[in-house]
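Next come the chains, spelled out residue by residue.
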Amino acid sequence: MSRNPSVLITGASGEIGHELIARLTTGTAARQVVTLDLNPLQPQLAARVRQQFTGSILDTQLLERVIAEYEVDRVYHLAALLSTRSEFSPALAHKVNVEGTLNLLEFAQKQGESHGRPVVFFYPSSIAAFGLPDAPTKAAAGRVKEDDFNFPTTMYGANKLYCEHLGRYYTRHYKQLAAENLSGKVDFRCLRFPGLISAETVPSGGTSDYAPEMIHAAAQGTPYACFVRPDTRIPFMAMPDAVEAILRLMSAPREKLTRTVYNVGAFAPSAAEFEAEVRAAFPRAALGTTVDTKRQAIVDSWPADVDDSTARRDWGHAPKYTFASAFHEYLMPSVRKRYGG
Ligand code: AKB
């Protein structure tokens with residue numbers, strides 16, 4: 001067993017994992033990182049980690065092997081099927097998103113019991129945990145608080161909301177009828193992410209994907225038809241701010257946290273406002289709209305924006321990028337370099 005405390009990242013080859021590995025393995029605070037993913041990491045990422053396990057979060061024997069070989073005190077549990085993908089295979093989504101998460105919470109509990117320190121556990125939830133019943137209610141609600149409208153309309157949203165409760169259970173109430181106090185071995189910390197936009201990667205299987213897809217398509221000179229109406233509005237965040245929020249939450253003193261689940265926002269432009277910025281950046285871009293009414297119904301059930309005042313108060317959430325600076329200082333320079341625009 002490596003005595004050096006390690007951090008475990010599941011779903012490490014995904015969008016967030018990409019940026020998180022780079023941040024966690026850089027500088028004086030660099031950590032020993034172990035990853036678990038169905039897909040092998042890209043070589044430049046693989047070179048930065050201590051060991052990568054290629055396999056499934058449903059494989060409990062593989063998790064036992066990680067327990068046997070590594071002393072883990074932090075878990076970043078990123079593996080998940082996103083909202084659109086989950087609607088096509090709800091039962092598989094439940095298996096991966098819920099049973100997979102339960103496996104990782106049990107993993108963290110066992111690690112905490114074996115080395116005696118709480119395992120700080122990061123879980124990415126989503127605005128999909130919300131469910132606004134109709135357009136007038138969505139318009140009137142504006143920036144919603146964490147405990148409002150928790151009536152998700154998708155399997156993915158239901159998975160995320162349930163796992164938020166599972167995390168709170170493992171943190172505060174685990175085996176509460178046992179003679180000895182077994183809770184407190186897991187320190188579950190969760191962010192309800194808006195749509196995320198990365199300059200490095202394009203998402204797959206999500207319903208907020210229209211924005212990053214539009215940007216990357218235009219940068220490559222590929223025609224793109226947006227699948228939601230121009231007036232569609234949900235919150236978004238630039239990937240560097242998402243990873244910064246994760247690292248800030250995970251390093252916050254426990255006593256500062258008044259919740260286990262936090263909204264985090266940054267900007268909330270309409271699809272039309274996105275298209276206008278993309279057209280300004282790529283005037284020859286072939287952009288249009290072909291509404292997918294079923295996917296439209298999903299984003300219509302998500303809030304227009306979120307109230308993240310508690311995150312700002314408790315642990316100093318402060319996204320660096322606004323909509324304009326996300327475009328001009330982060331996305332455009334990187335995607336132009338990436339696609340040679
Ligand atoms: C999705 O669209 O499924 C995700 C999300 C908003 O959680 N990007």
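Residues numbered from 1 in each chain as written. Predicted model: local features only at pLDDT ≥ 70, side-chain atom pairs only at ≥ 80, totals over all residues. Heavy atoms only, no water.

(A) Highlighting the pairing of strand E4 (residues 70-77). Across the 8 residues that make up E4, a large majority, 7, are buried. The pairing of E4 with strand E5 (residues 119-126) spans 3 bridges and is classified as parallel. Directly across from Val 75, in E5, lies its bridge partner Phe 121. (Buried < 20%, exposed > 50% of the residue type's maximum accessible area, 1.4 Å probe, protein only. Helix = DSSP H or I, 4+ residues; strand = E, 2+ residues; numbered from the N terminus. Pairing = 2+ DSSP bridges.)

(B) View of helix H7 (residues 155-172). Helix length check: H7 (18 residues) gives 26 Å between terminal C-alpha atoms against 26 Å at 1.5 Å per residue, within 8%. Here H7 has its buried residues at Tyr 156, Gly 157, Asn 159, Lys 160, Leu 161, Cys 163, Glu 164, Leu 166, Gly 167, Tyr 170 and Thr 171. Of the surrounding elements, those touching the buried residues of H7 are helix H4 (83-88), helix H5 (90-115), E5, strand E7 (186-193) and strand E11 (261-263). (Expected span 1.5 Å × (residues − 1). Contact = heavy atoms within 4.5 Å.)

(C) Geometry of the site of the ligand. Surveying the vicinity of the ligand reveals the residues Leu 82, Ser 83, Ser 126, Tyr 156, Gly 206, Thr 207, Ser 208 and Trp 302. Here Ser 126 contributes a side-chain N or O atom positioned 2.7 Å from an oxygen atom of the ligand. Thr 207 is positioned with one of its backbone polar atoms (N or O) 2.7 Å from an oxygen atom of the ligand. In the complex, the protein chains occlude 92% of the 250 Å² of accessible area that the ligand would expose alone. Of the residues belonging to the shell around the ligand, the class tally is 3 nonpolar, 5 polar and no charged. (Near = heavy atom within 4 Å. Polar contact = N/O pair within 3.5 Å; in protein donor to acceptor, adjacent residues only side chain to side chain. Areas by Shrake-Rupley, 256 points an atom, 1.4 Å probe, with all protein chains shown as cover. Nonpolar A, V, L, I, M, F, W, Y, C, P; charged D, E, K, R; others polar.)

(D) Region of the structure containing the packing of helix H8 (residues 210-220) against helix H13 (residues 323-339). Two elements in contact, H8 and H13, have axes whose closest approach is 9 Å; the angle formed by their N-to-C orientations is 45°. With respect to their mutual orientation, H8 and H13 come out oblique. Crossing of H8 over H13 shows right-handed handedness. Contacts between H8 and H13 involve Ile 215, His 216, Ala 219 and Gln 220 on the former and, on the latter, Phe 327, Leu 331, Met 332, Val 335, Arg 338 and Tyr 339. (Axes fitted to C-alpha atoms, helices over the stretch in contact; angles between N-to-C directions. Parallel < 35°, antiparallel > 145°, perpendicular 65-115°, else oblique. Left-handed = near helix turned anticlockwise from the far one by under 90°.)

(E) Geometry of unusual backbone geometry. With a phi angle near 50°, Phe 149 is a residue other than glycine that sits in the positive phi range. Note that Phe 149 resides in the loop between strand E6 (143-144) and H7. In this structure Phe 149 comes out as partly exposed when scored by relative accessible area, which is 25%. Within the chain, Lys 175 stands out as a residue other than glycine whose phi angle is a positive 45°. Looking at the secondary structure, you find Lys 175 in the loop between H7 and E7.

(F) Structural context of the pattern of salt bridges. Applying the stated criterion across every chain yields a total of 21 salt bridges. A salt bridge links Glu 69 to Arg 65; its shortest N-O distance comes to 3.1 Å. With Glu 69 and Arg 65 both in helix H3 (residues 60-69) and 4 residues apart, this pair spans about one turn of that helix. By relative accessible area, Glu 69 is classed as partly exposed at 27%. The partner of Arg 192 in a salt bridge is Glu 164, with the nearest N and O atoms 2.7 Å apart. Here the residue Arg 192 occupies a position in strand E7, and Glu 164 occupies one in helix H7, the gap between them amounting to 28 residues. Like Arg 192, the residue Glu 164 is buried in the burial classification. A single network of salt bridges, built from pairs that share partners, joins Arg 31, Glu 71, Asp 73 and Arg 117. (Salt bridge = Lys/Arg side-chain N within 4 Å of Asp/Glu carboxyl O.)

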